[in-house]
Amino acid sequence: MKHNFGAGPCILPQEVFQEASKSVVDFNGLSILEVSHRHKDFVAVMDEAIALVKKALNVPEGYSVIFLQGGASLGFLISALNMMRDAKKASYINTGAWSKKAMTEAKKAGFEVIEAASSADKNFNYIPKNVAVDPSSDYLHFTSNNTIFGTQFREIPNSDVPLVCDMSSDIFSREINVADFDLIYAGAQKNMGPAGTTLYIVKDEALGKSTSAFLPTYLDLKTHAEKDSMFNTPPVFPVYASMLNLRHLINNGGVRGAQERNEAKAALLYNEIDSNPLFEATVGEADRSNMNVTFLMTDESRTDEFNALWLENDIVGLKGHRSVGGYRASMYNALPIESVQVLVDLMKHFSSKG
């Protein structure tokens, strides 16, 4: 058994893999890869996927759920274009690589971008607490979890302007109050499904209000809300696999159950990092991510030895991002706590050899 700590695409439950693989051969007499997206059997899939998102996150009335393509990288632009109002100013909390990319796209969309807060002074190893939101901003944008640097917002920022969030790497991992947001977007490939589809949850009151002189039909969320995500051919297989995964999530305690499991996994690994003299966390306790645990070795001369140990014990994806170094253990919903225990046991064993 491989223990997949890779940052993405994510691990999914084996039951989802098995069911999805069957559909590649026979979905309804045809492969899911060739069935028409207009066929009633796939329309039912899309309808169920949307309904399951609403159920899992308790999405209130007055919000639309949309499945598109392009990942969060396109979401950076779509969110900016759709939320542009008369001020054409937007506040962003800069917590790392993905926040910076979002800010870049907003500037290209024609916004005056205001950095409301930043943790760049310490290589993004904390969540900034003093957020200065320009009250004339069209919206405040933040990235809820930062896969590269291992930080996560524990509480949503206080804001009197509409709130926009990139939740790509922690959506469905913990309970949220959707009503706090005007727009949430998230690439599928962390906790929802395979790469290829992107989830948008948008307040209906925010649709059709853009003042952008450039808003192509496809980039207008109103287009897709009115067409139930069927304006053009949707990413059929990723939506189907996401539907299966959402079924599995709801049947296994829902988001609350996932949150409890994720907190247990994170506590297990962080406790070992904090108590083991050979390792140290890169993020302070208050801002640590439950999804992406980043840590370093205190004795870099033993790096090759530790690398060989985890590799020979079927652990994959543990190498840290080049911006941080060290190690990154990504622990998305489907990673079992047994895999985390394997890593912890190896760390204990490695320390005892010293």
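**Q** Got a minute to help me understand the overall build of the protein in this structure?
**A** Looking only at helices and strands, one finds 9 helices and 14 strands in the protein. In terms of overall dimensions, the protein is globule-like: its C-alpha atoms have a radius of gyration of 21 Å, near the 20 Å expected for 354 residues. Its C-alpha atoms give the protein principal-axis dimensions of about 60 × 55 × 30 Å. Put simply, the protein has 354 residues, and 55% of those count as buried. Intrachain contacts of the protein at a sequence separation of at least 6 include 69% that bridge at least 24 residues. With 33 positive and 42 negative side-chain charges, the protein shows a separation of 3 Å between the mean positions of the two kinds.

**Q** Quick question: what am I supposed to make of the side chain of S64 here?
**A** In this structure, S64 sits in strand β2 (residues 63-68). Among the residues examined, S64 registers a relative accessible area of 14% and is labelled buried. A polar contact of 2.6 Å, which involves the side chain of S64, links it to the side chain of D204. Each residue touching S64, except ones within four places of it in the same chain, is listed here: Y200, I201, V202, D204, L207 and A225.

**Q** Help me out: how do you make sense of helix α6 (residues 236-251) in this one?
**A** Along an α-helix, residues three or four positions apart point the same way, because every turn accommodates 3.6 residues. Compared with an ideal rise of 1.5 Å per residue, which puts 16 residues at 22 Å, α6 spans 23 Å between its outermost C-alpha atoms and is within 8% of the ideal. Looking at the packing, one finds that the buried side of α6 touches α1 (14-25), α2 (40-57), β2 and α7 (254-275). Looking one or two places after α6, you find G253, whose phi comes out positive at around 90°.

**Q** What is the right way to look at the pattern of salt bridges in this model?
**A** Working definition: two side chains of opposite charge can pair if their charged atoms are close together. The tally for this structure, following the rule as stated, stands at 13 salt bridges. Note that E48 is salt-bridged to R247, the shortest N-O span being 2.7 Å. Linking E48 in helix α2 with R247 in helix α6, this pair joins segments that are 199 residues apart in sequence. E48 sits in the partly exposed class, given a relative accessible area of 26%. Given the relative accessible area of 35%, R247 is considered partly exposed. With a closest N to O distance of 2.9 Å, R288 and D274 form a salt bridge. Note that R288 is positioned in the loop between β11 (279-281) and β12 (292-297) and D274 in helix α7, a separation of 14 residues in sequence. Take R288: its relative accessible area is 10%, and that puts it in the buried class. With a relative accessible area of 48%, D274 lands in the partly exposed category.

**Q** Looking at this model, I keep getting lost on the nonpolar core. Mind explaining?
**A** The tendency in soluble globular proteins is for nonpolar side chains to be buried side by side. By size, the foremost hydrophobic cluster in this structure holds 49 residues, and its most contacted members are V53, L57, F67, F172, L199 and I201. Considering every element that reaches this core, the biggest residue donor is α2, with 9 residues. Excluding residues that lie within four positions of it along the chain, V53 makes contacts with V59, V65, F67, F172, L199, I201 and L246. Listed in part, the 29 residues of the second largest apolar core include L68, A90, V164 and L207.

**Q** Just to check I follow, could you spell out a nonpolar patch on the surface for this structure?
**A** Together, V24, V25 and L33 give the surface a local cluster of nonpolar side chains, amounting to about 290 Å² of exposed area. Relative to the helices and strands, L33 is located in the loop between α1 and α2. With a relative accessible area of 58%, L33 lands in the exposed category.

**Q** Please explain the environment of K89 as it appears in this structure.
**A** With respect to the secondary-structure elements, K89 resides in strand β3 (residues 89-94). Distance from K89 to D134, taken between C-alpha atoms, is 8.6 Å for residues 45 residues apart in sequence. Excluding anything up to four places from it in sequence, K89 contacts F111, E112, I114, D134, S136, S137, D138 and Y139. Of the polar contacts made by the side chain of K89, one reaches the side chain of D134; its length is 3.2 Å.

Conventions used here
- Residues numbered from 1 in each chain as written.
- Predicted model: local features only at pLDDT ≥ 70, side-chain atom pairs only at ≥ 80, totals over all residues.
- Heavy atoms only, no water.
- Helix = DSSP H or I, 4+ residues; strand = E, 2+ residues; numbered from the N terminus.
- Rg over C-alpha atoms; globule rule 2.2 N^0.38 Å.
- Buried < 20%, exposed > 50% of the residue type's maximum accessible area, 1.4 Å probe, protein only.
- Contact = heavy atoms within 4.5 Å.
- Lys, Arg positive; Asp, Glu negative; His and termini not counted.
- Charge placed at Lys NZ, Arg CZ, Asp CG, Glu CD.
- Polar contact = N/O pair within 3.5 Å; in protein donor to acceptor, adjacent residues only side chain to side chain.
- Expected span 1.5 Å × (residues − 1).
- Salt bridge = Lys/Arg side-chain N within 4 Å of Asp/Glu carboxyl O.
- Core = buried A, V, L, I, M, F, W, Y, C linked by side-chain atoms within 4.5 Å.
- Patch = residues over 30% accessible without salt bridge, like charges linked within 9 Å, V, L, I, M, F, W, Y side chains within 5 Å.
- Areas by Shrake-Rupley, 256 points an atom, 1.4 Å probe, with all protein chains shown as cover.

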